[in-house]
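Given next are the chains, with one letter for each unit.
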Amino acid sequence: MLWHPFNQYQLNSEFPKISYGKGVYLYDIHQQPILDAISSWWVNLHGHANPIIAKAIYEQALKLEQVIFANFTHEPAEQLAKNLLPLLPGKMDYLFFSDNGSTSTEVAIKMAIQYFHNQGIKKNKIIAFENAYHGDTFGAMSVSGRGIFNIPFFDMLFEVIFIPIPTLENIDEILETCNQICKKQEVAAIILEPLVQGAGGMKMYEARYLDEILALIKKNDILFIADEVMTGFGRTGTLFASNQLQQKPDIICLSKGITGGFLPLGVTACKSYIFDAFKSSEFTKTFFHGHSYTANPLACAAANASLILTTSLETQQAWEKIENQHIEFSSMAQNHPKLKNIRHLGTIWAAEIEDSNSHYENPMSYIWAKKAIQKGVLLRPLGNTLYILPPYCINKDELNKVYEVILEILED
Ligand SMILES: Cc1ncc(COP(=O)(O)O)c(C=O)c1O
């Protein structure tokens with residue numbers, strides 16, 4: 001028997017069986033198409049079974065499938081570093097590999113703490129945002145908001161200083177709180193999802209207020225970790241969400257879209273001053289973190305192929321087209337009696353369903369997901385938050401179909 005993640009079996013124990021995918025569509029074993037409006041948990045960028053990425057993996061598999069990365073290097077990893085690092089906001093210098101989004105944030109937290117430790121500075125506190133989601137491993141859970149995803153483990157999570165996401169109304173208060181926190185000189189890093197909190201309900205916030213916090217934080221020798229696991233690779237309309245910030249990260253976490261949605265891969269990129277703090281004749285200053293499949297050549301080959309597609313003019317034009325269509329739909333739907341807080345950022349569109357509770361465990365999300373599948377669209381609301389986060393190859397008619405299905409279900 002299979003145990004599926006993030007699923008309450010009492011409410012749902014039936015799963016469409018998918019046999020293949022092509023473009024924005026997944027096809028079940030009865031050949032029924034399902035339009036993937038959420039990029040299969042936000043990983044897919046260029047459509048399912050994209051032939052260019054598939055070919056890159058195949059060709060790499062015939063050459064080298066895996067080699068221990070502790071003492072070896074290989075071309076796909078080096079290519080990825082060479083191509084990706086200069087594109088990252090703040091121009092990063094080093095790439096550290098792991099396997100998924102959670103491990104990329106786990107690595108970032110450890111890197112930040114040990115960066116100070118190696119210099120003889122004791123700073124072991126982290127600032128994070130309320131309602132954040134950084135993954136399911138213990139470090140990642142610790143810096144995530146306390147809630148439904150981690151209730152059984154509350155007592156085991158390390159202490160974190162939480163602040164709310166900034167708005168015009170609360171920014172002065174947050175800055176005052178940060179000022180007080182900074183005085184204690186205990187904080188190693190701030191970790192956050194720039195501009196959109198994904199799993200927390202596609203909560204969007206403005207770059208200018210975040211920049212005010214980051215300017216203060218950076219003045220106080222606190223590292224800025226940008227968790228771009230969801231926002232990376234064009235989701236917010238720029239290659240990375242941090243491109244829209246004045247203040248640039250010291251460490252960036254990436255995963256999900258990095259391989260175009262083909263293979264699991266996490267990376268944590270950092271500036272050279274962080275790497276330099278680990279270079280020493282003392283073994284204790286080594287970064288003792290690594291996974292068996294670190295820098296898997298197949299995943300790196302997929303990432304290289306996906307990066308070429310992502311940085312193409314065609315893809316960047318696709319972000320614009322998707323955003324323009326979201327804008328049109330939002331203005332059409334703005335007076336809908338059952339939708340509130342309609343918003344978009346780049347290719348992400350979201351809204352709340354009026355008068356229903358906003359908790360992730362809201363059973364309505366199961367009902368919605370099921371109805372959408374029956375109408376041929378993959379949607380997976382977060383509580384009462386409906387959202388669309390499509391692969392970039394979606395065309396106008398396909399995106400219109402997603403909007404139509406949303407409106408039809410609202411009518412039910
Ligand atoms: C911002 C962010 N960070 C980290 C993660 C964890 O990634 P993974 O599910 O690959 O472990 C997620 C997953 O949704 C995420 O959205």
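(A) Examining the pairing of strand β11 (residues 251-254) more closely. Neither face of β11 is open: one carries Ile251 and Cys253, the other Ile252 and Leu254, and all of them are buried. Sheet topology places strand β10 (residues 223-227) next to β11; three bridges connect them, and they run parallel. Considered in β11, the bridge of Asp227 is made with Cys253.

(B) Geometry of unusual backbone geometry. Within the chain, Gln31 stands out as a residue other than glycine whose phi angle is a positive 70 degrees. Following the sequence through the fold, Gln31 ends up in the loop between β2 (25-28) and β3 (33-36). Exposure remark for Gln31: the relative accessible area of 47% places this residue in the partly exposed category. One non-glycine residue with positive phi stands out, namely Trp41, at about 65 degrees. By secondary structure assignment, the location of Trp41 is in helix α1 (residues 39-42).

(C) Focus on the state of the cysteines. In this structure the tally under the stated criterion is zero disulfides. For the unlinked cysteine Cys182, the closest cysteine sulfur is that of Cys178, found at 6.1 Å. The cysteine Cys253 is free of any disulfide, with Cys270 supplying the nearest cysteine sulfur at 11 Å.

(D) Inspection of the pattern of salt bridges at higher detail. Overall, the coordinates contain eight salt bridges when judged by the stated rule. Among the ionic pairs, Glu206 bridges to Arg208, the shortest N-O distance being 2.6 Å. Classification of Glu206 by relative accessible area gives partly exposed; the value is 39%. With its nearest N and O atoms 2.9 Å apart, the salt bridge here joins Arg343 to Glu352.

(E) Region of interest: the site of the ligand. The immediate surroundings of the ligand are formed by Trp42, Asn100, Gly101, Ser102, Tyr133, His134, Gly135, Glu193, Asp227, Val229, Met230 and Lys256. Between the ligand and Ser102, the relevant distance is 2.6 Å, taken from an oxygen atom to a side-chain nitrogen or oxygen of the residue. Grouping the constituent residues of the shell around the ligand by class yields four nonpolar, five polar and three charged.

(F) Fine view of the packing of helix α2 (residues 51-63) against helix α9 (residues 297-310). The geometry of α2 relative to α9 is characterised by a closest axis approach of 8 Å and an angle of 150 degrees between their N-to-C directions. It follows from the interaxial angle that α2 and α9 lie roughly antiparallel. Judged by the twist between their axes, the crossing of α2 over α9 is right-handed. Facing Ile52, Ile53, Ala56, Ile57, Gln60 and Ala61 of α2, the residues of α9 in contact are Pro297, Leu298, Ala301, Ala302, Ala305, Ser306 and Leu309. Residue classes in the contact of α2 with α9 are distributed as 11 nonpolar, two polar and no charged.

(G) The arrangement of α2 in detail. When the terminal C-alpha atoms of α2 are compared, their 19 Å separation across 13 residues agrees well with the 18 Å that a helix rising 1.5 Å per residue should span. Within α2, burial applies to Ile53, Ala56, Ile57 and Gln60. All buried residues of α2 fall inside an arc of 95 degrees around its axis, so they share one side. Seen from the open side of α2, the exposed residues pointing more than 90 degrees away from its buried face are Pro51, Lys55, Tyr58 and Leu62. Packed against the buried residues of α2 are α3 (75-84) and α9. Two to three positions downstream of the cap, the backbone nitrogen of Ile52 sits 2.9 Å from a side-chain oxygen, assigning the N-cap of α2 to Asn50.

(H) Summary view of the sheet that holds strand β4 (residues 94-98). Within the open sheet, the seven strands sit side by side as β4-β12-β11-β10-β7-β5-β6. Their pairing is mixed. Sheet topology places β4 and β6 (161-163) at the edges, where each strand pairs with a single neighbour. Taken pair by pair, the neighbouring strands of this sheet meet at an average axis angle of 20 degrees, ignoring direction. Taken together, the four bridges between strand β7 (residues 187-192) and β10 define a ladder with parallel strand orientation. The partner of Ala189 across the bridge, within β10, is Leu223. Contacts from α3 reach β4, β11 and β12 (266-270), with the element oriented near 130 degrees to β4.

(I) Focus on the sheet that holds strand β15 (residues 377-378). Read from one edge of the open sheet, four strands run β1-β2-β3-β15, paired in mixed fashion. Edge strands, defined here as strands with exactly one partner in the open sheet, are β1 (18-22) and β15. Strand direction decides the pairing type here: β1 and β2, joined by four bridges, are antiparallel. Directly across from Ile18, in β2, lies its bridge partner Asp28.

(J) Molecular detail of the nonpolar core. Among the nonpolar cores identified, the biggest contains 95 residues, and Leu84, Met202 and Ile213 are the most heavily contacted of them. When we break this core down by domain, the ones giving at least three residues each are domain 1 (18-49 + 313-411) and domain 2 (52-310). Beyond its immediate stretch of four places on either side in the chain, Ile213 contacts Phe129, Ile163, Pro166, Ile171, Ile174, Leu175, Cys178 and Ile190. Counting 24 residues, the second largest nonpolar core, distinct from the first, contains Ala108, Ile109, Ala188 and Cys270.

(K) Highlighting the side chain of Asn44. With respect to the helices, strands and loops of the structure, Asn44 is situated in the loop between α1 and α2. Using a relative accessible area of 3% as the deciding quantity, one classes Asn44 as buried. At a separation of 2.7 Å, a polar atom in the side chain of Asn44 contacts the main-chain amide nitrogen of Gly47. The residues touching Asn44, leaving out its near neighbours within four places in the chain, are Ser39, Arg235, Gly260, Gly261 and Pro391.

About the criteria used
Residues numbered from 1 in each chain as written. Predicted model: local features only at pLDDT ≥ 70, side-chain atom pairs only at ≥ 80, totals over all residues. Heavy atoms only, no water. Buried < 20%, exposed > 50% of the residue type's maximum accessible area, 1.4 Å probe, protein only. Helix = DSSP H or I, 4+ residues; strand = E, 2+ residues; numbered from the N terminus. Pairing = 2+ DSSP bridges. Disulfide = S-S within 2.5 Å. Salt bridge = Lys/Arg side-chain N within 4 Å of Asp/Glu carboxyl O. Near = heavy atom within 4 Å. Polar contact = N/O pair within 3.5 Å; in protein donor to acceptor, adjacent residues only side chain to side chain. Nonpolar A, V, L, I, M, F, W, Y, C, P; charged D, E, K, R; others polar. Axes fitted to C-alpha atoms, helices over the stretch in contact; angles between N-to-C directions. Parallel < 35°, antiparallel > 145°, perpendicular 65-115°, else oblique. Left-handed = near helix turned anticlockwise from the far one by under 90°. Contact = heavy atoms within 4.5 Å. Expected span 1.5 Å × (residues − 1). Arc of directions from axis to C-beta. Core = buried A, V, L, I, M, F, W, Y, C linked by side-chain atoms within 4.5 Å. Domains from an automatic or database assignment.

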